[in-house]
Amino acid sequence: MRRVGLGNYPLGVATVLSGIQPTAAPHLGNYLGALRWWVEFQDAHDAYYCVVDLHALTVAGDPAELTRATTTMATLLLAAGLDPGRCTLFVQSHVPEHAELAWLLECTASMGELARMTQFKDKAARGGEGSARVGLFAYPVLMAADILLYDANLVPVGDDQRQHLELTRVLAQRWNTRYGQTFTVPEAAIAPPGKGARIMDLQDPRRKMSKTAGSPAGTVFLLDDPKTVEHKLKRAVTDTDPPGPGAVRWDPEHKPGVSNLVELLAALTGRQPEEVASSYQSYGRLKSDTAQAVIATLEPVQKRYRELSEDPGVVRSVLATGAERAREVASRTLARARQAIGLLPRQG
Ligand code: TYM
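Residues numbered from 1 in each chain as written. Predicted model: local features only at pLDDT ≥ 70, side-chain atom pairs only at ≥ 80, totals over all residues. Heavy atoms only, no water.

### Some thoughts on the overall build of the protein chain
Okay, so step 1: Scanning the protein chain from N- to C-terminus turns up 13 helices and 5 strands.
Okay, so step 2: What you see for the protein chain is a C-alpha radius of gyration of 21 Å, in line with the 20 Å of a compact globule of 348 residues.
Okay, so step 3: Along the three orthogonal principal directions, the C-alpha set of the protein chain runs to about 75 × 45 × 45 Å.
Okay, so step 4: Classification of the 348 residues of the protein chain by burial places 51% in the buried group.
Okay, so step 5: Only carbon and sulfur atoms are counted for the fraction: they give 53% of the accessible area of the protein chain, which is about 15,800 Å². (Helix = DSSP H or I, 4+ residues; strand = E, 2+ residues; numbered from the N terminus. Rg over C-alpha atoms; globule rule 2.2 N^0.38 Å. Buried < 20%, exposed > 50% of the residue type's maximum accessible area, 1.4 Å probe, protein only. Areas by Shrake-Rupley, 256 points an atom, 1.4 Å probe, with all protein chains shown as cover.)

### Thoughts on the site of the ligand
Okay, so step 1: Every one of the 28 residues lining the ligand counts as a neighbour, but Tyr139, Asp146, Asp160, Ile199 and Lys211 are closest to it.
Okay, so step 2: Between glycine 29 and the ligand, the recorded distance is 3.1 Å, taken from a backbone N or O atom to a nitrogen atom.
Okay, so step 3: Its free accessible area being 720 Å², the ligand has 97% of it covered by the protein chains. (Near = heavy atom within 4 Å. Polar contact = N/O pair within 3.5 Å; in protein donor to acceptor, adjacent residues only side chain to side chain.)

### Side note on helix H4 (residues 97–106)
Okay, so step 1: Buried within H4 are the following residues: Glu97, His98, Leu101, Ala102, Leu104 and Leu105. The buried side chains of H4 occupy one side of the element, clustering within an arc of 160° when seen end-on.
Okay, so step 2: Those residues of H4 that are buried are in contact with strand S3 (88–91), helix H7 (134–148), helix H8 (162–179) and helix H13 (312–341). (Arc of directions from axis to C-beta. Contact = heavy atoms within 4.5 Å.)

### Points about the layout of surface pockets
Okay, so step 1: For the second largest pocket, the calculated volume is near 250 Å³.
Okay, so step 2: If you go around the second largest pocket, you meet 16 residues; those closest to its centre are Arg198, Met200, Trp250, Pro252 and Glu263.
Okay, so step 3: In the lining of the second largest pocket, the residues fall into 9 nonpolar, 3 polar and 4 charged.
Okay, so step 4: Residue-level mapping places the lining of the second largest pocket at the junction of two domains, with at least three residues from each of domain 1 (3–192 + 312–341) and domain 2 (216–307). (1 Å grid on protein atoms, 1.4 Å probe; cavity = no way out; pocket = protein on both sides within 12 Å on 5 of 7 lines; lining within 4 Å. Points joined across faces, edges and corners; volume = space filled by probe spheres on them. Nonpolar A, V, L, I, M, F, W, Y, C, P; charged D, E, K, R; others polar. Domains from an automatic or database assignment.)

### Some words on the packing of helix H3 (residues 63–79) against helix H12 (residues 283–309)
Okay, so step 1: Axis separation between H3 and H12 bottoms out at 8 Å; the angle between their running directions is 125°. With respect to H12, the element H3 is oriented oblique. When you trace H3 past H12, the crossing you get is right-handed. Mapping the contact onto sequence places Thr72, Thr75, Leu76, Leu78 and Ala79 in H3 and Val301, Arg304, Tyr305, Leu308 and Ser309 in H12. (Axes fitted to C-alpha atoms, helices over the stretch in contact; angles between N-to-C directions. Parallel < 35°, antiparallel > 145°, perpendicular 65-115°, else oblique. Left-handed = near helix turned anticlockwise from the far one by under 90°.)

### Quick notes on the pairing of strand S1 (residues 15–20)
Okay, so step 1: Buried residues dominate S1, accounting for 5 of its 6 residues.
Okay, so step 2: In this sheet, strand S2 (residues 46–51) lies alongside S1 in parallel orientation, the contact comprising 6 bridges. Across the sheet, the residue bridging to threonine 15 is aspartate 46, located in S2. (Pairing = 2+ DSSP bridges.)

### Observations concerning empty space enclosed by the protein
Okay, so step 1: Within this structure, the stated rule accounts for 1 cavity of 30 Å³ or more.
Okay, so step 2: Size it by volume and the largest cavity reaches roughly 50 Å³.
Okay, so step 3: Every residue lining the largest cavity is listed: Met117, Gln119, Phe120, Lys123, Leu136, Tyr139, Pro140 and His164.
Okay, so step 4: Broken down by secondary-structure element, the contributors of at least two residues to the lining of the largest cavity are helix H6 (118–127) and H7.
Okay, so step 5: For the lining of the largest cavity, the class distribution of residues is 5 nonpolar, 2 polar and 1 charged.

### Details of the pattern of salt bridges
Okay, so step 1: Applying the stated criterion across every chain yields a total of 18 salt bridges.
Okay, so step 2: A salt bridge links glutamate 65 to arginine 68, with the shortest nitrogen-to-oxygen separation between them at 2.9 Å. Placement of both glutamate 65 and arginine 68 in helix H3 is noted, with a separation of 3 residues, approximately one turn of the helix.
Okay, so step 3: Take glutamate 65: its relative accessible area is 30%, and that puts it in the partly exposed class.
Okay, so step 4: You can call arginine 68 partly exposed: its relative accessible area is 46%.
Okay, so step 5: Between aspartate 224 and lysine 232 there is a salt bridge, with the nearest N and O atoms lying 2.7 Å from each other.
Okay, so step 6: Relative accessible area serves as the criterion here: at 12%, aspartate 224 is assigned to the buried category.
Okay, so step 7: Judged by relative accessible area, lysine 232 falls into the buried class, the value being 10%.
Okay, so step 8: Counted as one network, the salt bridges with shared partners bring together Asp43, Asp83 and Arg86. (Salt bridge = Lys/Arg side-chain N within 4 Å of Asp/Glu carboxyl O.)

### Remarks on the nonpolar core
When a protein is soluble and globular, its nonpolar side chains tend to lie buried together.
Okay, so step 1: Among the nonpolar cores identified, the biggest contains 61 residues, and Leu28, Tyr49 and Leu77 are the most heavily contacted of them.
Okay, so step 2: Of all the elements, H12 adds the most residues to this core, at 10 residues.
Okay, so step 3: Each residue touching tyrosine 49, except ones within four places of it in the same chain, is listed here: Val16, Ser18, Trp37, Trp38, Phe41, Gln42, Leu82, Cys87, Thr88, Leu89 and Phe90.
Okay, so step 4: Counting 46 residues, the second largest nonpolar core, distinct from the first, contains Leu104, Tyr139, Ile147 and Val155. (Core = buried A, V, L, I, M, F, W, Y, C linked by side-chain atoms within 4.5 Å.)

### Quick notes on the side chain of arginine 338
Okay, so step 1: Tracing the sequence through the fold places arginine 338 in helix H13.
Okay, so step 2: Of the residues examined, arginine 338 reaches a relative accessible area of 16% and is grouped as buried.
Okay, so step 3: Side-chain polar atoms of arginine 338 contact the side chain of glutamate 100, separated by 2.6 Å.
Okay, so step 4: When sequence neighbours within four positions are dropped, the list of residues in contact with arginine 338 reads Glu100, Leu104, Leu343, Leu344 and Arg346.

### So, the domain arrangement of the protein chain
Okay, so step 1: The domain boundaries assigned to the protein chain delineate domain 1 (3–192 + 312–341) and domain 2 (216–307).
Okay, so step 2: Distance between the C-alpha centres of domain 1 and domain 2: 29 Å.
Okay, so step 3: With 13 residues of domain 1 at the contact, the number on the domain 2 side is 14 residues.
Okay, so step 4: A combined buried area of about 1,300 Å² lies between domain 1 and domain 2, and 81% of that area is made up of carbon and sulfur atoms.
Okay, so step 5: Summed over the three residues of domain 1 that lose the most area to domain 2, namely Leu28, Leu76 and Ala79, the buried surface amounts to 39% of that side.
Okay, so step 6: Summed over the shared surface of domain 1 and domain 2, the result is 0 salt bridges.
Okay, so step 7: Linking domain 1 to domain 2 there are 3 residue pairs in polar contact (both at pLDDT 80 or more).
Okay, so step 8: Residue assignment for the side of domain 1 that touches domain 2 shows that the elements contributing at least two residues are helix H1 (28–40) and H3.
Okay, so step 9: For the side of domain 1 that touches domain 2, the leading source of residues is H1, giving 5 residues.
Okay, so step 10: For the side of domain 1 that touches domain 2, the residue count by class is 9 nonpolar, 3 polar and 1 charged. (Buried area = accessible area lost by both parts, 1.4 Å probe.)

Below you can see the structure in the form of structure tokens.
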């Protein structure tokens, strides 16, 4: 059986699900940590990918911008290589079963468990915990519902989602013990170290590259033009060691800026980070080669994005078919969960 590169999972037996928030344009971290693996995992038995618009409501945002960003994100996912003939692409809110299962799971999770989630603590700390939305607190449970509805056994995500995946596993196991076997317990599929699981901000390499919390100059967006990419990489923070033999190393702890560039180049070219590092002595050449590798990766994605944007009807129809296919599976799982927890079946 053919195997894929992330975790060596056998294709043909895996059901895959993953999601991305439509909060703003996706960046290189999203691409290297998740999206390129989504493309690779399309040949799994079943692959479901969703634009998680309900998750985006957990922080303040403009309604018109959410509508626009949802379409942009779906278009970009297709441009990056998702093929509706090989995967099911849909918008989370088009499948109402997500919100309903989230409620059933919320009645399985505890306040203490959710209060320990580091992403909640970080995001809530930024705006003040008292004013954080209830949805932000419950967010990981909705994420668990996204995954469990499809009996996914593999979830390709970046390293920052590790804790949420662990919670999903705990909730699924608790439910199965309490109410009888209902859900498949999923596994996270995270890229190995040095392969893009956590791309850092170019201006502040101790922080991850982020759509919402990163610095604009330190974040390379998938729709950035070549000049912008070159400029952002040229200005990337390295460190104070003078360049020369050994200055370019793969050492994320002591040289986070340089290591991030090395990781970018390694992930983009399919090489090992140590091997990439050993072929450079100057930060300048590392930066310019990394910029060229980024530009070469983004160019075909941007070209396809422009083509798809000319006919928004195509994307709308992919999403309509995707929601229909997703609902077929999701409604069966939800019916199983409703029965297991004792809700009186609807007649007719
Ligand atoms: P989101 O929208 O923040 O990010 C989408 C994916 O990109 C990964 N990622 C990164 N990978 C490497 N380096 C980075 N700097 C970086 N930043 C983000 C994320 O790990 C993610 O895989 N909660 C999720 C969305 C979600 C989901 C799901 C994911 C909702 N339901 C069900 C999987 C399954 C999130 O906010 O991702």
